[in-house]
Structure formats: structure tokens, C-alpha cells
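Read off the chains here:
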Amino acid sequence: MQEVEALLQIANIDLGQRGIGKVFSEAYLSKRVSLTEPARKLLEFSDDVTILVGFPIPPKGIGETDGPLGALCLALALEDLGINVKIVSEKSVFNALKSLWEKTTRYTIDITKRNKVIVSIEVPGRAMDGKYYSMRGIEIFPENLDEVLFRKSEGQITIGIGDGGNEAGMGKIRDLIIKHIDLGEKISSVVPADYIITGGTSNWAAYALVGAISVMISKNLLKKFDENYYLRALYESGLIDGVIGEKSMSVDGIPHAILEKMFNLIKSTVDMLINK
Ligand code: CA
């Protein structure tokens, strides 16, 4: 199944030039980031999956468009497979997600205790000093969803998705975040996950994960996902671009026209790999 890693290569194109490309290269060579293992675990323990999502952008703590699209794509794909899946949302993106995915719930400490697989997508992960930071080093005040990964119970499997190093899960490659990301020492999360997936945006990493599952079951689960529709819906719900810091039909400063091409490239590559 090594060929699914081609999807990871695409997802890690560092268009924002924030350093994740270098982090990915080293993490990939040292086998600390991959799609094969987390995709397999999701299929193997698919009876009950929880997706954590939501990153509040300073200064107002408004939720951003990176993360929710990936969460919706993964949730719809897993539901399509008959898997019992729910999204547990940070408060900053809850209303936007609830309007698009009825099974979205708010976070409580107990909510994920019974779930076998936890996928955290673009969730703030605490730094070494116990605080949470934006990529620019500004302190933020999220709900502590990263606690779920920190306190995972025996037998639970955690998958952390991020694109900046300050997300839950990235503690697994903290050394590389410090080496390659600006302010890495300050902002990098200490919260690890069993498996991590990086990306040029976290959405792309999540699409690549859905793509890897698709290749494994020979069914392209990305086909049904209309990224443009969901991006517009999130935009209209008030979510903002996390890099630009305001409302925009974009993700992490990357305009909609390029997002569309990236999504299509991942989707078409899945078709290619299935038909190989
Ligand atoms: Ca991001």
C-alpha cells in the first residue's frame, strides 16, 4: 500500500511557505508520518470514530476554515462506509459545523472515552509552557480538546492532523517543528498522537487520509465531497481564513481557485491509484 503515500506528497505541498514542507520531508524519511497506518487503523477499528476539530483565531477567537472542511470530508466518507462517526467541535466552529453535520456535538471530557479511534484535525495543542499559541506566537484560549489525546485510554488509537506544529498530535515531531518552523520552540505542541499526518493545510492532509482509505477499498470517497459548497457554507456562517484573519473564500491564505485544483488533484490521483 506504499503507493497511497503519493497522496501525502501532494497534501504536503507547502504553498503557504510556513515550513511544513521541510518538516514533512524529514518526518517522512524517518517514517514518523504516513497515511498507510492511520488509514488501516480507521478501517480496522471502524465501529466508532470521533473527529475533533476547531481552531480559534486571535484576537477575537473566531473559527477558521482550515480543519472543518477536512472534518466534514472525513465524516461524510466514513458515514458512506456505514461507520458510526461523530464530530466533536471546538466552540468557535460549532454553529457552522452543526448546520452542515447534524451529529456535531460540543466537547465534554467524557464524550470520547468509549471511542476506539480519535482523529484530531487542526486542534490547538498545548505548548511546553502549558499555554496555547497561534503560529505567530500569540496566546489563544481554546477549549482544551487536546486533553482527549493527552488522556487517551488504554486501547484507544489517536491520529493527529496539523500543518503548523502548534496542533494536537504534533508533539510526536516536536524536534522537527523546532528545527523548521518560525517560533517553533514557543508554539510547538507537546501533545503527541499515535499517528500523525501533516499537510500544506490540515484540510489537504484530511483529504489525503480519505484518499488513502479510498484506495484501500477501491472506492473513491472523495467523489461525493463538494469542497466548494462546504467552503461557501462555512464562509457564510462567519468562519474566517486563519492566515488572512478575516472572512474570505480561502483557506490559510490560499485562494479558492487553487484549493479547487488541489482537491481535484488529490481526487484524480485516488482514481489513478485505484485503477493501477
Ligand atoms: Ca492550517
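See the structure printed just above.
Since this is a predicted model, take the numbers as computed values, not measurements. (Residues numbered from 1 in each chain as written. Predicted model: local features only at pLDDT ≥ 70, side-chain atom pairs only at ≥ 80, totals over all residues. Heavy atoms only, no water.)

Chemist: Mind showing me how you'd approach the overall build of the protein here?
Modeler: The helix and strand tally for the protein stands at 11 helices and 12 strands. Taking the principal axes of the C-alpha coordinates as reference, the protein spans close to 45 × 40 × 40 Å. The 276 residues of the protein split such that 58% are buried. For the protein, restricting intrachain contacts to residue pairs at least 6 apart in sequence, the fraction spanning at least 24 positions comes to 72%. Of the roughly 10,900 Å² of accessible surface on the protein, 51% is carried by carbon and sulfur atoms. Of the side chains in the protein, 32 bear a positive and 36 a negative charge, and the two mean positions are spaced by 2 Å. (Helix = DSSP H or I, 4+ residues; strand = E, 2+ residues; numbered from the N terminus. Buried < 20%, exposed > 50% of the residue type's maximum accessible area, 1.4 Å probe, protein only. Contact = heavy atoms within 4.5 Å. Areas by Shrake-Rupley, 256 points an atom, 1.4 Å probe, with all protein chains shown as cover. Lys, Arg positive; Asp, Glu negative; His and termini not counted. Charge placed at Lys NZ, Arg CZ, Asp CG, Glu CD.)

Chemist: Help me out: how do you make sense of the layout of surface pockets in this one?
Modeler: Left-over empty space is what a probe sized like a water molecule reveals as it rolls over the atoms. Reported here for the largest pocket is a volume of approximately 440 Å³. Along its surface, the largest pocket is lined by 23 residues, and Arg18, Met135, Arg136, Gly242 and Val243 are the ones closest to its centre. Across the lining of the largest pocket, the residue classes break down as 7 nonpolar, 7 polar and 9 charged. Lining the second largest pocket are Gln2, Glu5, Tyr28, Lys31, Val33, Ser34, Thr36 and Glu37. For the lining of the second largest pocket, the class distribution of residues is 2 nonpolar, 3 polar and 3 charged. (1 Å grid on protein atoms, 1.4 Å probe; cavity = no way out; pocket = protein on both sides within 12 Å on 5 of 7 lines; lining within 4 Å. Points joined across faces, edges and corners; volume = space filled by probe spheres on them. Nonpolar A, V, L, I, M, F, W, Y, C, P; charged D, E, K, R; others polar.)

Chemist: How do you make sense of the pattern of salt bridges when you look at a structure like this?
Modeler: Side-chain pairs of opposite charge can arise where the charged atoms are in close proximity. For the structure shown, the criterion picks out 17 salt bridges. With a closest N to O distance of 3.6 Å, Asp80 and Lys219 form a salt bridge. With Asp80 in helix α4 (residues 68-80) and Lys219 in the loop between α9 (202-217) and α10 (227-236), the pair connects residues that are 139 residues apart, well separated along the chain. Classification of Asp80 as partly exposed rests on a relative accessible area of 30%. On the basis of relative accessibility, which here comes to 40%, the residue Lys219 falls in the partly exposed class. One salt bridge in this structure joins Glu102 and Lys98, with 3.7 Å as the shortest N-O distance. What makes Glu102 exposed here is its relative accessible area of 61%. (Salt bridge = Lys/Arg side-chain N within 4 Å of Asp/Glu carboxyl O.)

Chemist: What is the right way to read the sheet that holds strand β6 (residues 117-121) from this model?
Modeler: Within a sheet, each strand pairs with its neighbour through backbone hydrogen bonds, oriented either parallel or antiparallel. Taken together, 6 strands build an open sheet; the order of strands is β5-β4-β1-β6-β9-β10 and the sheet is parallel. The strands lining the two open edges of the sheet, one partner per strand, are β5 (104-106) and β10 (195-198). In this sheet, neighbouring strand axes are inclined to one another by 25° on average, regardless of whether the strands run parallel or antiparallel. One ladder, built from 3 bridges, connects strand β4 (residues 85-89) with β5; its direction is parallel. Note that in β5 the partner of Val88 across the bridge is Thr105. (Pairing = 2+ DSSP bridges. Axes fitted to C-alpha atoms, helices over the stretch in contact; angles between N-to-C directions.)

Chemist: What am I meant to see in α9 here?
Modeler: The terminal C-alpha atoms of α9 lie 23 Å apart, and with 16 residues this matches the ideal 22 Å at 1.5 Å per residue to within 8%. With 15 of its 16 residues buried, α9 lies for the most part within the structure. Positive phi appears at Ser218, one or two residues downstream of α9, with a value of about 55°. (Expected span 1.5 Å × (residues − 1).)

Chemist: What exactly am I supposed to notice about the coordination of the calcium ion here?
Modeler: Only Asp66 (OD), Glu122 (OE), Asp163 (OD), Asp163 (OD) and Asp252 (OD) from the protein coordinate the calcium ion, and they sit 2.2 to 3.0 Å from it. Read N to C, the donor residues that coordinate the calcium ion are spaced as D-x55-E-x40-D-x88-D. With Asp66 in the loop between β3 (62-63) and α4 and Asp163 in the loop between β9 (157-162) and α7 (174-180), this residue pair connects regions lying 97 residues apart in the sequence. In this structure Asp163 comes out as buried when scored by relative accessible area, which is 1%. (Donors = N, O, S within 2.8 Å, 3.2 Å for Na, K, Ca; no water.)

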